[in-house]
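# Residue-level structural notes
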Amino acid sequence: MDINPIKNWLPNVRKPIIISGPCSAESRGQVIQTCSKLSKSGKVSILRAGIWKPRTRPNSFEGVGSIGLPWIKEAAELTGLPCIVEVANAQHVKEALNAGIDMFWIGARTTVNPFSVQEIADSLVGKDIPVFVKNPINPDLQLWIGALERLNNAGVKKLGAIHRGFSTFDKTLYRNVPKWDFPIELKRQFPDLPILSDPSHIGGKKELISMLSQKALDLDMDGLMIESHIDPSNALSDAEQQITPTELAALFKGLIVRRKDVNDDELSSMLYKLRKEIDLIDSDILEKLAARFKIIEEIGEEKRLKGVTILQVDRWNEIIATRKELANKLGLSDEFVSRLLQIVHKESINHQIKIMN
Ligand code: PEP
Ligand code: MN
């Protein structure tokens, strides 16, 4: 992809790049008051407001529609900050461009649909407007990249991505599970692409925002999109996850922004030494695993000769119980060890299947 780095089109932007504003524009007063307060924190770089809201069920608040566009534009002019709205089809693009909106984002429910993304991309040909693409609702990195590529092919070079987590059937702590490996892999493949994290939609509740924001910064995300409302408990959408501009300013005070570069001699030689140790440990782990699979194959051969099944549930239970006990003593988390054992066990079964057949 041919990406124009953000420092070229938002020259005054400071890292972390913060997009903030209400989930939904509800009234002129609510948008202007929220945005003026946000701008006073000095940390917000872009003002957001949802105009057309994609809602799961009908008859919930579906946004004020295009009458809200002048409100966010006015807030942008008052504060001197650029503004961004969500667009989900060509009509939204047309109306938002007419209203002089500075940037667009594509929501998670739109990113999943290549037809919609293509329609938006086609409507942006020849328009030099920045677009941020939220991850699709389902954990599919190719779909996320595909949406970015459709825009890029239409000539949109001022691109960014927003990580807002993924929907799951299971009840979890989060509204949308973060699956951090997705934004990390996106960053690895497209180093010029700014990636912001959206702790509001990942967490779904205000208590999680600070922890998720810190994690995003520690994973070298370029910024955050955080929803803010002057009166969150009376918000018409996402009331549980919005925070006041004052709460947002307090949140910024608590965040630690670490530096990314390691060109500091003392630190580099220290990292070099420690990374050598890691390299050795990793090769030990791999050699031990290879040795383990050799023995697994010998066992497989014995099972084949004696005609017994590969899966021996009692032995598997014993492995889980004893390894977890040891892991606990070693300070490893239960969840990690369970996942590791599952992978090793699955691979062991595969080895024995080969031997047996
Ligand atoms: C939003 O940002 O208000 C929104 C609808 O987000 P998402 O597309 O991530 O659900
Ligand atoms: Mn929202």
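Treat the numbers as computed from the prediction; the structure is a model and nothing was measured.

## Regarding the coordination of the manganese ion (ligand 2)
Around the manganese ion (ligand 2), the protein supplies Cys23 (SG), His201 (NE2), Glu227 (OE) and Asp238 (OD) as donor atoms, at distances of 2.1 to 2.4 Å. Each donor residue of the manganese ion (ligand 2) lies on one chain, and together they are spaced C-x177-H-x25-E-x10-D. With a gap of 204 residues between them, Cys23 in the loop between strand E1 (17-21) and helix H2 (28-40) and Glu227 in strand E8 (residues 223-227) connect regions that are remote in the sequence. Accessibility expressed as a relative area gives 2% for Cys23, which makes it buried. Residue Glu227 is classed as buried on the basis of its relative accessible area of 0%.

## Notes on the site of ligand 1
By nearness alone, every residue bordering ligand 1 is listed as Cys23, Arg48, Lys53, Glu86, Trp105, Gly107, Ala108, Arg109, Lys134, Arg164, His201 and Glu227. In this structure, an oxygen atom belonging to ligand 1 sits 2.8 Å away from a side-chain N or O atom of Lys53. Within the side chain of Lys134, an N or O atom sits 2.8 Å from an oxygen atom of ligand 1. Isolated, ligand 1 exposes 300 Å² of accessible area, and the fraction of that covered by the protein chains is 97%. In the shell around ligand 1, the residues fall into 3 nonpolar, 2 polar and 7 charged.

## Brief notes about helix H14 (residues 334-356)
Spacing of three or four residues puts side chains on the same side of an α-helix, whose turn is 3.6 residues. Its 23 residues place the ends of H14 32 Å apart at the C-alpha level, agreeing with the 33 Å of an ideal helix rising 1.5 Å per residue. All of the buried residues along H14 are Val337, Leu341, Val344, His345, Ser348, His351 and Gln352. Buried positions along H14 lie against helix H12 (265-306) and helix H13 (313-330).

## Brief notes about a nonpolar patch on the surface
Together, Leu326, Leu330, Leu332, Phe336 and Leu340 line one region of the surface with nonpolar side chains, adding up to about 470 Å² of accessible area. Sorting the residues of the nonpolar patch by element identifies H13 and H14 as the ones contributing at least two each.

## What to know about unusual backbone geometry
Lys15 connects to Pro16 through a cis peptide bond whose omega is -5 degrees. Residue position: Pro16 is located in the loop between helix H1 (6-9) and E1. At Asn59, a position not held by glycine, the phi torsion is positive, near 70 degrees. Considering the arrangement of structural elements, one finds Asn59 in the loop between strand E2 (46-48) and helix H3 (69-79). Overall, Asn59 belongs to the exposed group, its relative accessible area being 80%.

## Some points on the domain arrangement of the protein
Domain boundaries assigned for the protein yield domain 1 (6-254) and domain 2 (265-356). Relative to domain 2, the C-alpha centre of domain 1 lies at a distance of 41 Å.

## A closer look at the sheet that holds E1
Read around the closed barrel, 8 strands run E1-E2-E3-E4-E5-E6-E7-E8, paired in parallel fashion. For this sheet, the mean angle separating the axes of adjacent strands, direction not counted, is 25 degrees. As defined by bridge partners, E2 adjoins strand E3 (residues 83-86) across 2 bridges and the pair is classed as parallel. Counterpart to Leu47 in the pairing with E3 is Cys83.

## Comments concerning the pairing of E1
Consecutive residues of a regular strand have side chains that alternate between opposite faces of the sheet. With respect to burial, E1 is a largely interior element, 5 of its 5 residues being buried. Residues Ile17, Ile19 and Gly21 line one face of E1 and the alternating positions Ile18 and Ser20 line the opposite face, and both faces are buried. Note: E1 against E8, 5 bridges, orientation parallel. For Ile18, the partnering residue across the bridge sits in E8 and is Leu224. Inspection of the sheet shows E1 paired to E2 by 2 bridges, in the parallel sense. By the bridge assignment for E2, Ile19 is matched with Ile46.

## Some remarks on the pattern of salt bridges
One pass over the full model with this rule turns up 20 salt bridges. With a closest N to O distance of 2.8 Å, Asp198 and Lys134 form a salt bridge. Of this pair, Asp198 sits in the loop between strand E7 (195-197) and helix H9 (199-203) while Lys134 sits in strand E5 (residues 131-134); the two residues are 64 residues apart in sequence, bridging distant segments of the chain. Assigned by exposure class, Asp198 and Lys134 land together as buried. Between Lys276 and Asp279 there is a salt bridge, and its shortest N-O distance comes to 3.9 Å. Taken together, the residues span about one helical turn, with Lys276 and Asp279 both in helix H12 at a distance of 3 residues. According to the relative accessible area criterion, Lys276 is partly exposed, its value standing at 41%. If you follow the salt bridges from partner to partner, you end up with Lys15, Lys187 and Asp222 in one network.

## Description of the packing of H13 against H14
The angle between the axes and the distance between the axes are what describe a pair of packed helices. Interaxial distance between H13 and H14 falls to 10 Å at its minimum, and their mutual angle equals 140 degrees. Between H13 and H14, the interaxial angle falls into the category oblique. When the axes of H13 and H14 are compared, the crossing they make is right-handed. Between H13 and H14, the contacting residues are Trp316, Ile319, Ile320, Arg323, Lys324, Ala327 and Asn328 on the first element and Asp334, Val337, Ser338, Leu341, Gln342 and His345 on the second. In terms of residue class, the contact of H13 with H14 is built from 6 nonpolar, 4 polar and 3 charged.

Definitions and limits used
- Residues numbered from 1 in each chain as written.
- Chains lettered and ligands numbered in written order.
- Predicted model: local features only at pLDDT ≥ 70, side-chain atom pairs only at ≥ 80, totals over all residues.
- Heavy atoms only, no water.
- Donors = N, O, S within 2.8 Å, 3.2 Å for Na, K, Ca; no water.
- Helix = DSSP H or I, 4+ residues; strand = E, 2+ residues; numbered from the N terminus.
- Buried < 20%, exposed > 50% of the residue type's maximum accessible area, 1.4 Å probe, protein only.
- Near = heavy atom within 4 Å.
- Polar contact = N/O pair within 3.5 Å; in protein donor to acceptor, adjacent residues only side chain to side chain.
- Areas by Shrake-Rupley, 256 points an atom, 1.4 Å probe, with all protein chains shown as cover.
- Nonpolar A, V, L, I, M, F, W, Y, C, P; charged D, E, K, R; others polar.
- Expected span 1.5 Å × (residues − 1).
- Contact = heavy atoms within 4.5 Å.
- Patch = residues over 30% accessible without salt bridge, like charges linked within 9 Å, V, L, I, M, F, W, Y side chains within 5 Å.
- Salt bridge = Lys/Arg side-chain N within 4 Å of Asp/Glu carboxyl O.
- Domains from an automatic or database assignment.
- Pairing = 2+ DSSP bridges.
- Axes fitted to C-alpha atoms, helices over the stretch in contact; angles between N-to-C directions.
- Parallel < 35°, antiparallel > 145°, perpendicular 65-115°, else oblique.
- Left-handed = near helix turned anticlockwise from the far one by under 90°.

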